[in-house]
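Descriptive analysis of the structure
So you can see what is in the structure, the chains are spelled out below.
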Amino acid sequence: PVTNIDIVSTSYSDGCNGDYNAGAESADRQIRELKNVMRIFSAGNNGTSNCSYGAGAGWGNITGGIKIAKNLLCVANLTYTDLVAASSSRGPTSDGRLKPDVSGVGTDVYSTIDTNKYELKTGTSMSCPGVAGVFTQLYQAYRELHAGQDPNTGLLRGILMNTCDDAGNPGPDFKYGYGRINGLRAVKVLENNQYIHDSVAQGITKTATITVPPNTQRVKIMLHWLDREAAVSATTVLVNDLDMIVTDPAVNSYLPWVLNSAPNATTLDANATRATDHLNNAEQVTIDNPVAGTYTIAIDGFSVPFGPQEYYLSYEVIANDALEVVYPIGGEGFVPGEIQTIRWDAIDNGATFDIDYTTDNGSSWTTVFTGIASFLRHYNWTIPNTISGRCRLRITRNGLSKQSPAEFSIMQTPENLKIDFVCPDTMQISWAPDPNATHYQVFKLGNKFMDSIATTTDTFYQFVGLNIADEHWFSAKAFNASNQALSRRAFAVQQKPG
């Protein structure tokens, strides 16, 4: 559990983009001064609105001046296929800075609603808390790697942005920000200590070096700092201006990706180009198919009126053969005939993907689909009608294969779960029989979790000694002993007091 930190996920609207307001000034100051606090905001759902940026409808319509603060995270809304939702608000900010910062799935998110029900919800109000959850996991990962020490959230913000899966136009853009968050890649940067902490003063240049190994497909480098708050309604919001240049072993220099914020729809939708950035407090350099060797990163204190300025460099090195199955990862219970969106992680190198599955832990494999386009990272799989708890998926590209990290199950979930009767001394639940089940696992809600209470070969179970004046929740799972298959837990049923 994460405690004693402040990661705030907020969704609200106070109109269109507007100027840098008192709320943005306060957020920037709070995050900079406290250093272990992060504020995470929805970008808003005004994606098709004209908020007078000057480029017509569809641009410069982030909802709320506080959301355009420099040090917080502003989140766009994606569909499950990583396309930005039409309703998702877009940048730039009033002074031309990049917003939103990152993207997350916020369309048709399965959510709890009053009273004790589920519903599909859509909007940046759904993508925002998802990003906050991943950020919190990164916070906890840092603590576990550093004996409980709290991280500087400037480090985590930079890593999260730099490890995003690029979406939309190549590089950052005003719709997706840096792309869809990738928590797995972000935590690997922490685990591999692929970051550098330093500070720089006015007119000083600091240098750092990193090593890029052979057979690297892409290297991504980000400079990030928690900038000092600007004056309310400032025309230019950046206060301390740092610049980054990356030099490769052949003495080729690379500037960060920069967007053209001129109020023109064509210009705003154009690809980023390499240039010096005097607007943003995050700068990213990416290099495809880099030569192996030592790279030098120069950080220049171009204009640091309030210095020295603390900063973080984070970097990610992605190998040519990088490939990983990220869903399913093991332990899931899939139902025969349902459609599951399976996912994998890789960089587009032009080669297609093949998918196979096994129900006997690799003794034999069955083809799901071949020739999946090189830019895709998901596939909608219809679960086969084979009961097994020894299932894995395999993704193959260019002869390299990666499997699910652990086994998952295919098994029908118990159906028609209901409460049969409630007496002062006994409550009974029952469910429809499953011909593939050898026995069932029964659950009851405890203080915090759905606790496993018992196993039974019957299709009913009697709870004895429960207080009928209390509310109770019950559920069940099906199990096949011969194939080691364990189903998903059925939606719980509620027994109200009385």
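Relevant structure appears above.
Now for a look at the structure at hand.

Here is what the cut-offs are and how they apply
- The residue count restarts for each chain, going from 1 along the sequence in the order it is written.
- At least 70 in pLDDT is required for a residue's local features to be given in this predicted model, at least 80 for side-chain atom pairs to be given and counted, and no such filter applies to totals for whole chains, interfaces and linings, which use all residues.
- Working from all heavy atoms in the structure, the side-chain values ignore hydrogens and water.
- Per the convention used, a helix needs a DSSP run of H or I reaching at least four residues, while a strand needs a run of E reaching at least two, with both numbered from the N terminus.
- Only C-alpha atoms enter the radius of gyration, while the globule expectation follows 2.2 Å times N to the 0.38, with N the number of residues.
- Exposure classes here rest on a 1.4 Å probe applied to the protein chains alone. A residue is buried below 20% of its type maximum, exposed above 50%, and partly exposed in between.
- Any two residues whose heavy atoms approach within 4.5 Å are treated as being in contact.
- Residue exposure ignores everything except the shown protein chains as possible cover, and the areas themselves are Shrake-Rupley values with a 1.4 Å probe.
- His is not counted, nor are the chain ends, whereas Lys and Arg count as positive and Asp and Glu as negative.
- Charge positions are represented by NZ for Lys, CZ for Arg, CG for Asp and CD for Glu.
- By this definition, two strands are paired if DSSP reports at least two bridges between them.
- Lines fitted to C-alpha atoms define the axes, with helix axes restricted to the stretch in contact, and inter-axis angles between N-to-C directions lie between 0 and 180 degrees.

**Remarks on the overall build of the protein chain**
For the protein chain, the count of helices and strands is five helices and 33 strands. Against the compact-globule benchmark of 23 Å for 498 residues, the protein chain has a radius of gyration of 26 Å, which places it among compact chains. Projected onto its principal axes, the C-alpha positions of the protein chain cover 75 × 55 × 50 Å. Within the span of the protein chain, comprising 498 residues, buried residues form 50% of the whole. For the protein chain, long-range pairs separated by at least 24 residues make up 72% of all intrachain contacts whose partners lie at least 6 apart in sequence. In the structure as shown, the protein chain presents an accessible area of about 21,100 Å², 49% of it carried by carbon and sulfur atoms. Distance from the positive charge centre (36 side chains) to the negative charge centre (49 side chains) of the protein chain: 1 Å.

**Points about the pairing of strand S20 (residues 353-358)**
By the criterion of burial, S20 is predominantly enclosed, with five of the six residues buried. Here four bridges tie S20 to strand S21 (residues 366-372), and the two strands are oriented antiparallel to one another. Looking across to S21, one finds that Asp356 is bridged to Thr367. Bridge analysis of S20 against strand S23 (residues 388-397) gives five bridges, and the strand direction is antiparallel. Opposite Ile355, over in S23, you have Ile395 as the bridge partner.

**Some remarks on the sheet that holds strand S16 (residues 309-319)**
Pairing is antiparallel in the open sheet, where four strands are placed in the order S7-S16-S9-S14. Lying at the two open borders of the sheet, with one neighbouring strand each, are strand S7 (195-200) and strand S14 (282-288). Strand-to-strand twist across the sheet, computed as the mean angle between neighbouring axes with direction ignored, equals 15°. Pairing of strand S9 (residues 216-224) with S14, which is carried by seven bridges, proceeds in the antiparallel orientation. Each bridged residue has a counterpart across the sheet, and for Met222 the counterpart in S14 is Gln284. Against the sheet, helix H3 (residues 153-162) engages S7, S9, S14 and S16, with an angle of about 145° to S9.

Purely geometric stuff here, so don't read any function into it on its own.
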